[in-house]
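Fold and geometry: a report
Letter by letter, the chains look like this.
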Amino acid sequence: MKRFMIVLPVLLVSLAFPWGAFSQVPGTFTYIEQQIITASDPAVAVDESSLIAAINLYDPLLYPNVEKGSMEPRPHVAESWTVSPDGKVYTFKLRRGIRFHSGRELTADDVVFSMERALRLKKGFSWVWTPVLEPGRIKAVDKYTVRFELKEAYAPFLGSLLLFFILDKDLVMRNIRPGPYGEFGDYGSAFLERADAGSGPYRMERFDRATEMVMTRFENYWRGWKPNQISRVSFKTVTEEATVKTLIKAGQADMVNQWLSVQGFQELKQVPGIVVKEDPSVQLFHLQMNTKKPPLDNVKVRQAISYAFDYDTAIQKIFLGATRARGPVPVRVPGWNPKVPVYTRNVATAKRLLAESGVPPQNLSIEYAYVVTLPLERQIGLLLKSNLEEIGFKVEIRSEPWARIVELATKPETTPHITAIFDTLKYPHVDSHTYGMYHPSCWGTFRCMSFYENPRVTQVLEAARRAVKPEEQLRLYQLAQELIVRDAPSIYVANPLHRIAFRDYVKGYRYVGLLGFDVAFYDFTIAR
């Protein structure tokens, strides 16, 4: 009987999938993600799967200092830089000899082209730069020097450049199709869905959005190669948690993503040969409330919900090891405000606020949406439903694929009343979880499903970005946190532990907090 229990998981995988799809090809590293790769164009990347693709296929201008366990930017494509005294002009000296996968050298023209393309596309993380940059303000001083002329001082600019990936201008322009960008046509968007134009450590071999991206080592990568680094990567999409666990147990996957349930990771901890790495995170789990959709357009209703939720049960019984969230900024992020108001479960206060809201009981029907592949979010939904029904709400729980959540987030009319969202720090600055979530310019992405709007908060956030002195920046970002929390655009639940699982022969994994940068395959070696 014991023998059948050992063989059965592998047999189940064989029946569910073609054997060749998950067999370990010698020299191929298999990484499993539970959501599809939503974009292969780095100017469109915004979530974990798309950022992992970008980080491995392309080079950003700057890179987090992972070697020292820091999120702060270090030289990468840019080997040095200077900043003008007024904080408006950044001049970067580029590293010589970096080759694109096409064989052409990366130059200042490629940097200018890549930023102007991002600004014109207005997708991905372009909202980080559009307030202070526009085409024409990025200039190639010479072949290896680029100057960014900002409209005003901009606190998070250097950190944001970790998300700025450089494309091969000539290759993209040779592959444009008719499109909405004038002389630039579609700006190579269609081409970049089936090929890459990068200089990163890996090049795209093939890509099927629904199932797999295969990447192979770029032999002329400028940082060089050492023995036992990964030569070929199979980046697979497998949505079912049970299948993901079976694959890594059976040795048909080398590493699996962070999105397994806490219970799933606890199970994998017991398996010989599997490492479950746990680290304090700079991630926020919150329940975004659509402030444009009645009855959540009423601040007292949102505050009532915030008081009704059972935070202790969520932390102690569902998240296991998480830190209680205190506002939108994870508590490990420099600039977090320790004095931010904190909601705790108080049913009497919740009922009082609901009565003061003036919303009639028949209008207290809402929907809660979560990602279908994340059982933890379903558990949170059941807890929320129980808590809110206690004060008079009717709650419908619905599950959606991640790609559908992203699609629904584009408009307040299609965004559910409440949506469960994990949001990891995108760049090493408190701006990521303040302006990046609560300024109206960010509406339309999964980060801003609250569609929050408060003119004073908008003004404070804009002033914080313009402030040149660090102490003034800090004061304004902390003030914004207080104002936002009082308006209750989200239920701030947890700063979870970051967990990931891999086989014990995988060496070199490092977690620093920024989304996607821990899954840089170039950093890994195999020690069998």
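Owing to the predicted nature of the structure, the values given are computational and were not obtained by experimental measurement. (Residues numbered from 1 in each chain as written. Predicted model: local features only at pLDDT ≥ 70, side-chain atom pairs only at ≥ 80, totals over all residues. Heavy atoms only, no water.)

1. A look at the sheet that holds strand β6 (residues 138-142)
This is how it is decided: Any two strands between which DSSP finds at least two bridges are classified as paired. Here a strand is any run of E in DSSP of at least two residues, a helix any run of H or I of at least four, and the numbering for each starts at the N terminus. To get an axis, fit a line to the C-alpha atoms, keeping to the stretch in contact for a helix; angles then go from 0 to 180 degrees between the N-to-C directions. Only heavy atoms matter for contacts: two residues are in contact if any of them lie within 4.5 Å across the pair.
Ordered by their spatial adjacency, four strands build an open sheet running β4-β5-β7-β6, and the pairing between neighbours is antiparallel. With one partner strand each, in any of the chains shown, β4 (78-83) and β6 form the two edges of the open sheet. Averaged over all pairs of adjacent strands, the angle between strand axes in this sheet comes to 25 degrees, irrespective of strand direction. As paired strands, strand β5 (residues 89-94) and strand β7 (residues 145-149) are joined by five bridges and run antiparallel to one another. Note on β7: the bridge partner recorded for Phe 92 is Val 146. Packed on one face of the sheet, helix α4 (residues 108-121) meets β5, β6 and β7 and runs near 180 degrees to β6.

2. Describing the pairing of strand β1 (residues 28-33)
Going by this rule: Each residue gets one of three labels from its accessible area relative to the maximum for its type: buried under 20%, exposed over 50%, partly exposed in between, using a 1.4 Å probe on protein chains only.
Within β1, six of the six residues are buried, leaving the element largely enclosed by the surrounding structure. Neither face of β1 is exposed, since Thr 28, Thr 30 and Ile 32 on one face and Phe 29, Tyr 31 and Glu 33 on the opposite face are all buried. Pairing of β1 with strand β10 (residues 232-237), which is carried by six bridges, proceeds in the parallel orientation. Among the inter-strand pairings, Ile 32 is bridged to a residue of β10, identified as Lys 236. Bridge analysis of β1 against strand β11 (residues 255-256) gives two bridges, and the strand direction is parallel. By the bridge assignment, Ile 32 is partnered in β11 with Val 256.

3. Quick word on the side chain of Thr 419
Mapped onto the elements of the fold, Thr 419 is located in strand β17 (residues 418-424). Here Thr 419 falls in the buried class, since its relative accessible area comes to 0%. Beyond its immediate chain neighbours, meaning those up to four positions away, Thr 419 contacts His 286, Leu 287, Gln 288, Ala 369, Ile 405 and Met 449.

4. Quick notes on the confidence of the model for the protein
Counted only if it meets this: pLDDT: the predictor's confidence for each residue, scored from 0 to 100.
The pLDDT averaged across the protein works out to 93; a share of 95% of its residues lies at or above 70. Contacts for the low-pLDDT stretch residues 1-23, under 50 throughout, to residues beyond four places or in other chains number 18 contacts.

5. A closer look at the sheet that holds β17
Backbone-to-backbone hydrogen bonds pair the strands of a sheet. The strands run either parallel or antiparallel. Pairing is mixed in the open sheet, where six strands are placed in the order β14-β18-β13-β17-β15-β16. Among the strands making up the open sheet, the edge pair consists of β14 (323-324) and β16 (394-400). Relative to β17, strand β13 (residues 283-289) runs antiparallel, the two sharing seven bridges. Bridge assignment links Gln 283 to a residue of β17, and that residue is Thr 424.

6. Topic: unusual backbone geometry
Across the junction of Pro 294 and Pro 295, the peptide omega takes the value 0 degrees, indicating a cis bond. Inspection of the secondary structure assignment puts Pro 295 in the loop between β13 and α9 (299-308). Located in the positive-phi region is Tyr 187, a residue other than glycine, with phi close to 60 degrees. Positive phi is not limited to glycine here, since Asn 228 has a value of about 75 degrees. Mapping Asn 228 onto the fold places it in the loop between β9 (212-217) and β10.

7. Looking at the packing of helix α10 (residues 311-319) against helix α12 (residues 375-389)
Under the convention used in this document: Crossings are classed by handedness, with left-handed meaning an anticlockwise turn of the near helix from the far one by less than a right angle and right-handed meaning a clockwise turn. Polarity classes work like this: nonpolar for Ala, Val, Leu, Ile, Met, Phe, Trp, Tyr, Cys and Pro, charged for Asp, Glu, Lys and Arg, and polar for all others, with Gly in that last group.
With their axes 11 Å apart at the nearest point, α10 and α12 run at an angle of 145 degrees to one another. The handedness of the crossing between α10 and α12 is right-handed. Of the residues in α12, those in contact with Thr 313, Ala 314, Ile 318 and Phe 319 of α10 are Leu 376, Gln 379, Ile 380 and Leu 383. Partitioned by chemical class, the residues of the contact of α10 with α12 number six nonpolar, two polar and no charged.

8. Thoughts on the pairing of β4
With five bridges joining them, β4 and β5 adopt antiparallel strand pairing. In the sheet register, Trp 81 faces β5, and the bridge partner there is Phe 92.

9. Side note on the domain arrangement of the protein
Interface size is often expressed as the accessible area that is lost when the parts come together. Note the cut-off: A domain assignment, automatic or from a database, supplies the domain bounds used here. Here the buried area means the combined drop in accessible surface, using a 1.4 Å probe, for two parts upon being joined, counting both sides.
Domain parsing of the protein yields domain 1 (28-273 + 504-526) and domain 2 (283-497). Taken over C-alpha atoms, the centre of domain 1 sits 28 Å from the centre of domain 2. Contact residues are listed per partner, giving 34 residues for domain 1 and 32 residues for domain 2. Carbon and sulfur atoms make up 69% of the surface buried where domain 1 meets domain 2, a total of about 2,700 Å² over both sides. Contact with domain 2 buries area across many residues of domain 1, yet Trp 127, Ala 155 and Trp 259 alone supply 23% of it, more than any other trio.

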